[in-house]
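Analysis of the macromolecular model
So the chains spell out like this:
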Amino acid sequence: MPDNCFIRKIKNQLMGIKARTRVKEALSSKEYGKELTLKGWVRTRRGNKKIAFISLNDGSTINNIQIVADVPLFGDALLKKITTGSCISVTGELKESMGKGQNVEILAKKIELYGTADPSSYPLQKKGHTLEFLREIAHLRPRTKTFGAVLRIRHAMAYAIHKFFNDKGFYYLHTPVITGADAEGAGEMFRVTTLDISNPPMTEDNKVDYKQDFFGRETNLTVSGQLEAELGALALSEVYTFGPTFRAENSNTPRHLAEFWMIEPEMAFCDIEDNMDLAEEFLKYLLVRLLDQCGEDIEFLAGMYDEELTNRIRHVAENEFIRISYGEAVDILSGSGQKFEFPNHWGADLQSEHERFLVEKHFKKPVIITGYPKEIKAFYMKQNDDGITVRAMDVLFPRIGEIIGGSQREEDMDKLEKRIKEMNIPRDELWWYLDTRRFGTAPHSGFGLGFERLMLFVTGMSNIRDVIPFPRTPNNAEF
RNA sequence: UCCUCCUUAGCUCAGUUGGUUAGAGCACCUGACUGUUAAUCAGGGGGUCCUAGGUUCAAGUCCUAGAGGGGGAGCCA
């Protein structure tokens, strides 16, 4: 019977990696006396003439492992080069630690220096840095505890999203990143072109001649995969997308990115109630999994940035979401006695302050609001019989506001066409979308979850630029 | 895009009613120290006070414009 170590060796060989133990594995091992090889980046080195202590991290866990090096054995020259930020390989014996602060350590027998990091120019110090400063060195910030934690959580959430939908029988649909449609009206778009923008070909009536462009037409980066996801749902029944999304809005807020990731499930034979059920189950699933799998990282972020983080996650995971109509929300707001900067009235969209009041003060739970006036929502949303509201739903979370926006879709060809006309949407560009209503239409629903909004909630970070590795915002596309 | 606050050493910041040579902590460099825990102790080097104008005998400090950043708002996910 092969032991775990043997299996790991085989796995590592398959991956083309020489046998190496990850820091996470070493820290939880009790095989004292065993010789291990660890590789990683140095967080700090301290000590005296006789003995040196090196904190090593390889990103497998938030915790560092302590390497103990006998100074005479390795020599001053080598140890002096092992500074914060340098990369080393250490082979040594796993030991119970004599010192406080860690259970195990590695007594080094061999140290190989892969890469030095000049201490006078390496920007990361062992002291804490502000998040604003770290944004300027986004190429190095994954080496900090905070961003290590955030990126591990980001991975865990992305994986959990795929697992949730896969286990429910959804198919992952790859919708296009480059789109020819500018119909959804979800926001300003980034143009995609290979034309020489300083000297584009012109038509006779002095307009840019996109017929000569790469695709023979105007194209943009997608603002949503929803319309294409509907095509998938009306064939495979349940699909979801999970991909990059682009908005060229000049939004300068801690909640907006020009490039972000969105998850959009779309389900045939599904009404607005089923849609809300799925959204709630989905979010709770992710939170439970998060607490189960990312405990140490969450604990660190809670201690560092947000004392209430764990409680808030648990509270949302364990409580029913409140479900109210737009009309009820308006009544609660006007009857609340609360003074708002922008007083609300029926027909106007809810302001951030209104959403926060409902979620954080009035209900103290996530709230799902449905039945918005059709005037303030998109053309594709299913119209209610009252003729004035649509089956939209917004899921509002504490701290971050709208985390999900969705709806039951209008499957009736006549109603949909009428709405397209009323809202002046170019019908010709949507012939393929309308075809699904011509041929075998079906009731269906879906929603969009902003991945980074979810990340804000689960990490306790307060700026969306700190939950994506390389944020793109107005005036910033470095790295 | 609007409102508001900020920008001084590598980092985080102090700098009085405008007044000599702009400071601190950490980091860095040198040295000391036999098990450290963001090690400790002693010493040292380090400045385009965001940029450009202006007011003044004198500007880090006051005024104007611009750039960058934070927070709030709008748009939204």
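The structure this text deals with has already been given above.
One structure accompanies this document, and this report is about it.

Rules behind the numbers
Residues numbered from 1 in each chain as written. Chains lettered and ligands numbered in written order. Predicted model: local features only at pLDDT ≥ 70, side-chain atom pairs only at ≥ 80, totals over all residues. Heavy atoms only, no water. Buried < 20%, exposed > 50% of the residue type's maximum accessible area, 1.4 Å probe, protein only. Helix = DSSP H or I, 4+ residues; strand = E, 2+ residues; numbered from the N terminus. Pairing = 2+ DSSP bridges. Axes fitted to C-alpha atoms, helices over the stretch in contact; angles between N-to-C directions. Contact = heavy atoms within 4.5 Å. Phe/Tyr/Trp six-rings, centres within 6.5 Å; stacked < 30°, edge-to-face > 60°. Lys NZ or Arg CZ within 6 Å of the ring centre and 35° of its normal. Salt bridge = Lys/Arg side-chain N within 4 Å of Asp/Glu carboxyl O.

Of all 7 residues making up strand β13 (residues 367-373), 7 are buried, and the element is well covered by its neighbours. When strand β12 (residues 322-325) meets β13, the two strands line up parallel, connected through 4 bridges. Each residue of the ladder has a partner; that of Ile322, found in β13, is Val367. Examined bridge by bridge, β13 and strand β14 (residues 389-397) share 6 bridges and lie antiparallel to one another. Directly across from Val367, in β14, lies its bridge partner Leu396.

A few words now on the sheet that holds strand β1 (residues 35-47). The strand order β1-β2-β3-β5-β4 describes a closed barrel built from 5 strands, whose pairing is mixed. For this sheet, the mean inter-axis angle between neighbouring strands, taken without regard to orientation, is 55°. Two elements, strand β2 (residues 51-57) and strand β3 (residues 65-70), share 6 bridges in a ladder whose sense is antiparallel. Directly across from Leu56, in β3, lies its bridge partner Ile65.

Residue placement: Ser29 occurs in the loop between α2 (23-28) and β1. Exposure remark for Ser29: the relative accessible area of 16% places this residue in the buried category. Here Ser29 is in contact with Leu94 and Val104, once residues within four sequence places are set aside.

The next thing to look at is the packing of aromatic side chains. Counted under the stated rule, the structure contains 20 aromatic pairs. Summarising the aromatic geometry, the rings of Phe165 and Tyr240 are spaced 4.6 Å apart at their centres and angled 25° between planes, so their arrangement reads as stacked. Here Phe165 is found in helix α6 (residues 145-167), whereas its partner Tyr240 is found in strand β10 (residues 238-246), with 75 residues between them in sequence. Judged on exposure class, the residue Phe165 and its partner Tyr240 are both buried. When the centroid spacing of 5.4 Å and the interplanar angle of 80° are considered together, the rings of Tyr326 and Trp346 count as edge-to-face. In this pair, Tyr326 sits in helix α11 (residues 326-334) while Trp346 sits in the loop between α11 and α12 (352-362), placing the two residues 20 residues apart along the sequence. Note on Tyr326: relative accessible area 0%, which makes it buried. Ring pairs connect the aromatic residues Phe164, Phe165, Phe170, Tyr172, Tyr240, Phe282, Tyr285 and Phe447, which therefore count as one cluster. Its guanidinium or amino end placed over the ring of Tyr372, Lys377 lies 4.2 Å from that ring's centre, counting from NZ or CZ.

Turning our attention to the pattern of salt bridges. Pairs may arise between side chains of opposite charge once their charged atoms sit close together. Going through the model one piece at a time under the given rule, you end up with 25 salt bridges. For Lys163, the salt bridge identified is with Asp167, shortest N-O distance 2.9 Å. One end of the pair, Lys163, and the other, Asp167, are both in helix α6, 4 residues apart, so they sit about a helical turn from each other. Exposure remark for Asp167: the relative accessible area of 49% places this residue in the partly exposed category. A salt bridge links Glu230 to Arg437; the nearest nitrogen and oxygen atoms lie 2.8 Å apart. Here Glu230, found in helix α7 (residues 226-236), pairs with Arg437, found in helix α14 (residues 431-438); they are 207 residues apart in sequence, far enough to count as distant. Of the residues examined, Glu230 reaches a relative accessible area of 0% and is grouped as buried. Because the salt bridges share partners, they merge into one network encompassing Glu273, Asp277, Glu280, Lys284 and Arg323.

Note that every value here comes from positions in space, so none of it alone points to a role or purpose.
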